[in-house]
2 protein chains.
Amino acid sequence: MKKLAIGIDIGGQSAKLGVVDRDGNVIETAVVTSIQPTVQEFVSDLARAVNNLREKTAHLGEMEGIGADAPNANCLNGSIEYAPNLTWGRDSDGQPTIIPLAELISRATGLRVTLTNDANAAALGEHTYGAAIGIDNFIMLTLGTGVGSGIIIDGKLVYGHDGFAGELGHVCAVPGGRPCNCGLYGCLETYASATGVARSARQALHESDKPSILRDIDEDRISSKDVYEAAKNGDATAIDVFRFTGKLLGKAMADFVKFSAPEAIVLFGGLTHARQFFHDDMVEAMNANLLKIWKNRIKILYSSLPESNAAILGASSLVW
Amino acid sequence: MKKLAIGIDIGGQSAKLGVVDRDGNVIETAVVTSIQPTVQEFVSDLARAVNNLREKTAHLGEMEGIGADAPNANCLNGSIEYAPNLTWGRDSDGQPTIIPLAELISRATGLRVTLTNDANAAALGEHTYGAAIGIDNFIMLTLGTGVGSGIIIDGKLVYGHDGFAGELGHVCAVPGGRPCNCGLYGCLETYASATGVARSARQALHESDKPSILRDIDEDRISSKDVYEAAKNGDATAIDVFRFTGKLLGKAMADFVKFSAPEAIVLFGGLTHARQFFHDDMVEAMNANLLKIWKNRIKILYSSLPESNAAILGASSLVW
């Protein structure tokens, strides 16, 4: 009988879940909201959706377990720790607290549950079903609203001493640079993310008088998508913003290579849609900042998972 | 019967070797030169010393094998690759080449041989006998002429895809900073090493007119030891140089933590003698640049191995 897994991608607004087979086919999906006031209500809604999916797919195979990703997940103990953006992740005083989420979901569903964060899940997803099949040493960078990372060494995710390894979005890319939500300055994610690109665009518009399509947009509302559209229309400012982003990202990637000597760096996330505008500068900057032993030897790969289901697939791969 | 290992620390001028027991006692040592013109001669001299040590210690226990460290060692295949500083590491045209050193030593001695670089050996040494016993996630930084590193994750050395993981001395500490021997600019080792401290001292003397004991020394000959002696004598310039070094090192260490979330960072090497002058600034800078989850939680340890035998111990720990 075929083996099946459930992947659950838990965000601040909703949880997407799906039944997946060993080959990465997403068989059946569902969505539940995740804005319940208490974790008991969230888990109860989630368990109902899980049971519903299991009933629908019971004839197709044997359910092996649940893999879930969530913000602020501690991969070592299956808990959510002090998540600022989860309504149900709080104590009775409304303060973010520690929630043993994997255990609660397991009790409610009767299935084994493994929990990790979304970038780690993305890395496992690429390793299991995607661009990194057969690559046992790579670094996954997710370039979305922020920059996340999952590090695979010898085929295994790196969790570190406390379960929080792989916070490469908060490595310093520009000493004394932009303030980051984390409280530090110059973090990679303040530049090489969707929000970072928008910030770079605003900065570029301020620093020059060059005409740009972007000047037609209310400055506070400029998004990375606007910058991408402008670049596609040949807007020089927008193109420069992506080139600047690529250079910073490539330089940071060179330093990541010096740590774990990966075979590849795998990129995923909304920003990669605009890769035609930053890829070459990124690769050039990376190689310019690598030791000779690595120059022109590190593969740059882009996620090959269908974007709509990538998070579910990534989470499900925890099960195998 | 007691188990014994031989540790060999191979440098450009000499190879130091010693018989070590499982508890890290160095029982018998020897030194051979390593400036032979061919690798055959070097290995032959080395094998003679190994056999001599084995004879002397045969009554004490059973010899398990040889662990060796050498510059430009590829830890995955036991070869030396393009070492610029080894006279015998060259082809018939005098160019640095690939030498299957582990295999050659093994054939000449009849013992199993494992080869790695010195920073990796140092990391294993601390894990086996020293400051990192029982610590399965840590980063070793060797602060000597250069800056080397060995990364332990889940109790195992990280080799990476190609065997060269852990080149943290060449992570960019200062964008566009000092030229490094490796061809890059601003590498950590151009600041946080013995030579880096000497460079910082020369720079400090140039940038100010403040009186300093260091002005009595021929500028080109100022060493990190001179700076250390001056600092001990209360010289403000020398003290500032170490504080500057500590700040840069601490900031770099914070970014290393974001990679592998280690329990500790272990420091070793000549520069650590001067730690009274940089430790506090280093720790403060590290914590100032860490995410909240890690602030004041990363242990800073100093090597606890006797310096004279640390390299032999480190190399020998490859055997166990």
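This section reports on the structure supplied with the text. (Residues numbered from 1 in each chain as written. Chains lettered and ligands numbered in written order. Predicted model: local features only at pLDDT ≥ 70, side-chain atom pairs only at ≥ 80, totals over all residues. Heavy atoms only, no water.)

When its secondary structure is counted, chain A shows 8 helices and 13 strands. At 20 Å, chain A has a C-alpha radius of gyration in line with the 20 Å of a compact globule built from 320 residues. Sequence-distant contacts in chain A: of pairs separated by 6 or more residues, those separated by 24 or more amount to 61%. Averaging the locations of the 28 positively and 37 negatively charged side chains of chain A gives two centres separated by 5 Å. (Helix = DSSP H or I, 4+ residues; strand = E, 2+ residues; numbered from the N terminus. Rg over C-alpha atoms; globule rule 2.2 N^0.38 Å. Contact = heavy atoms within 4.5 Å. Lys, Arg positive; Asp, Glu negative; His and termini not counted. Charge placed at Lys NZ, Arg CZ, Asp CG, Glu CD.)

Here we take up the interface of chain B and chain A. The interface is formed by 35 residues belonging to chain B together with 35 residues belonging to chain A. Buried surface at the junction of chain B and chain A, both sides included, amounts to about 3000 Å², of which 67% is carbon and sulfur. For the chain B face of the interface with chain A, the top three residues by lost area are His161(B), Lys258(B) and Phe259(B), together amounting to 24%. At the surface where chain B touches chain A, the tally comes to 0 salt bridges. Along the contact surface separating chain B from chain A lie 14 residue pairs in polar contact (both at pLDDT 80 or more). Those elements that place two or more of their residues in the side of chain B that touches chain A are strand S10 (147-153) and helix H6 (236-260) of chain B. It is H6(B) that contributes the most residues to the side of chain B that touches chain A, 6 residues altogether. Each residue belonging to the side of chain B that touches chain A can be placed in one class, and the counts come to 22 nonpolar, 7 polar and 6 charged. (Buried area = accessible area lost by both parts, 1.4 Å probe. Salt bridge = Lys/Arg side-chain N within 4 Å of Asp/Glu carboxyl O. Polar contact = N/O pair within 3.5 Å; in protein donor to acceptor, adjacent residues only side chain to side chain. Nonpolar A, V, L, I, M, F, W, Y, C, P; charged D, E, K, R; others polar.)

Least-squares fitting of chain B to chain A yields an RMSD of 0.0 Å, with the transformation described by 0.0 Å of translation along the axis and a rotation of 180 degrees. Here the transformation between the copies is reduced to the relation of a two-fold axis. (Least-squares fit on C-alpha atoms with pLDDT ≥ 70 in both.)

With that settled, the discussion passes to the packing of helix H4 (residues 194-207) of chain B against H6(B). Residues and elements named next belong to chain B. With their axes 9 Å apart at the nearest point, H4 and H6 run at an angle of 125 degrees to one another. When the axis of H4 is compared with that of H6, the two are oblique. For the element pair H4 and H6, the recorded crossing hand is right-handed. Counted together, Val-197, Ser-200, Ala-201, Ala-204 and Leu-205 of H4 and Thr-237, Val-241, Phe-242, Phe-244 and Thr-245 of H6 form the full contact between these two elements. (Axes fitted to C-alpha atoms, helices over the stretch in contact; angles between N-to-C directions. Parallel < 35°, antiparallel > 145°, perpendicular 65-115°, else oblique. Left-handed = near helix turned anticlockwise from the far one by under 90°.)

Turning next to the sheet that holds strand S2 (residues 14-21) of chain B. Residue and element names in this part refer to chain B. Read from one edge to the other, the open sheet built from 5 strands follows the order S3-S2-S1-S4-S8, with strand pairing classed as mixed. Only two strands of the sheet have a single partner each, and these edge strands are strand S3 (26-33) and strand S8 (113-116). Each neighbouring strand pair of the sheet contributes to a mean axis angle of 20 degrees, computed without reference to strand direction. Sitting on the sheet, helix H1 (residues 39-57) is in contact with strand S1 (2-10), S2, S3 and strand S4 (61-69), with an inclination near 160 degrees to S3. (Pairing = 2+ DSSP bridges.)

So, on to the pairing of strand S1 (residues 2-10) of chain A. Residue and element names in this part refer to chain A. Burial analysis of S1 places 7 of its 9 residues in the buried class, which makes it a mostly covered element. Note: S1 against strand S4 (residues 61-69), 7 bridges, orientation parallel. Along S4, the bridge assignment pairs Lys-2 with Gly-61. Sheet topology places S1 next to strand S2 (residues 14-21); 7 bridges connect them, and they run antiparallel. Its bridge partner being in S2, Asp-9 is matched across the sheet by Lys-16. (Buried < 20%, exposed > 50% of the residue type's maximum accessible area, 1.4 Å probe, protein only.)

All names here are of chain A. Even without a glycine there, the phi angle at Asn-72 is positive, about 55 degrees. One can find Asn-72 in the loop between S4 and strand S5 (73-74). Although it is not a glycine, Asn-296 sits at a positive phi angle of roughly 60 degrees. Tracing the chain through its elements places Asn-296 in the loop between helix H7 (279-288) and strand S13 (299-302). Classification of Asn-296 as exposed rests on a relative accessible area of 66%.

Residue and element names in this part refer to chain B. Along its 14 residues, H4 runs 20 Å from first to last C-alpha, staying within 8% of the 20 Å computed at 1.5 Å per residue. When H4 is considered as a whole, its buried residues turn out to be Ala-194, Gly-196, Val-197, Ala-198, Ser-200, Ala-201 and Leu-205. Buried residues along H4 sit in contact with helix H5 (224-232) and H6. (Expected span 1.5 Å × (residues − 1).)

All right, on to the environment of Gly160(B) then. In this structure, Gly160(B) sits in the loop between strand S11 (156-157) and H4. Remark: the alpha-carbon pair of Gly160(B) and Leu76(B), spanning 84 residues in sequence, is separated by 9.0 Å. Ignoring any residue separated from it by four or fewer positions in sequence, one finds Gly160(B) in contact with Asn137(A), Ser260(A), Ala261(A), Leu76(B) and Ala165(B).

Turning our attention to the state of the cysteines. All names here are of chain A. The tally for this structure, following the rule as stated, stands at 0 disulfides over all chains. Cys-180 forms no disulfide, and the closest cysteine sulfur to it belongs to Cys-182, at a distance of 3.7 Å. Using a relative accessible area of 10% as the deciding quantity, one classes Cys-180 as buried. (Disulfide = S-S within 2.5 Å.)

Attention now moves to the pattern of salt bridges. All names here are of chain A. The full count for this structure, using the stated rule, is 20 salt bridges over all chains. Between Asp-21 and Lys-2 there is a salt bridge, with its nearest N and O atoms 3.2 Å apart. With Asp-21 in strand S2 and Lys-2 in strand S1, this pair connects stretches of sequence that are 19 residues apart. For Asp-21, a relative accessible area of 1% puts it in the buried group. Residue class for Lys-2 comes out partly exposed when judged on its relative accessible area of 44%.

Our focus in this paragraph is the sheet that holds strand S3 (residues 26-33) of chain A. Residues and elements named next belong to chain A. The 5 strands lie next to each other as S3-S2-S1-S4-S8, forming an open sheet whose pairing is mixed. On the outer flanks of this sheet lie S3 and strand S8 (113-116), each paired with one strand and no other. In this sheet, neighbouring strand axes are inclined to one another by 20 degrees on average, regardless of whether the strands run parallel or antiparallel. Running over the sheet, helix H1 (residues 39-57) touches S1, S2, S3 and S4 and is turned about 160 degrees from S3.

This brings us to the environment of Glu62(B). Examined against the element boundaries, Glu62(B) turns out to sit in strand S4. When its relative accessible area of 44% is taken as the criterion, Glu62(B) is described as partly exposed.

Below, the discussion takes up the side chain of Asn117(A). Residue and element names in this part refer to chain A. Position of Asn-117 among the secondary structure elements: in the loop between S8 and helix H3 (118-129). Here Asn-120 takes part through its backbone nitrogen, which lies 2.8 Å from a polar atom of the side chain of Asn-117. The residues touching Asn-117, leaving out its near neighbours within four places in the chain, are Asp-69, Ala-70, Ala-73 and Cys-75.

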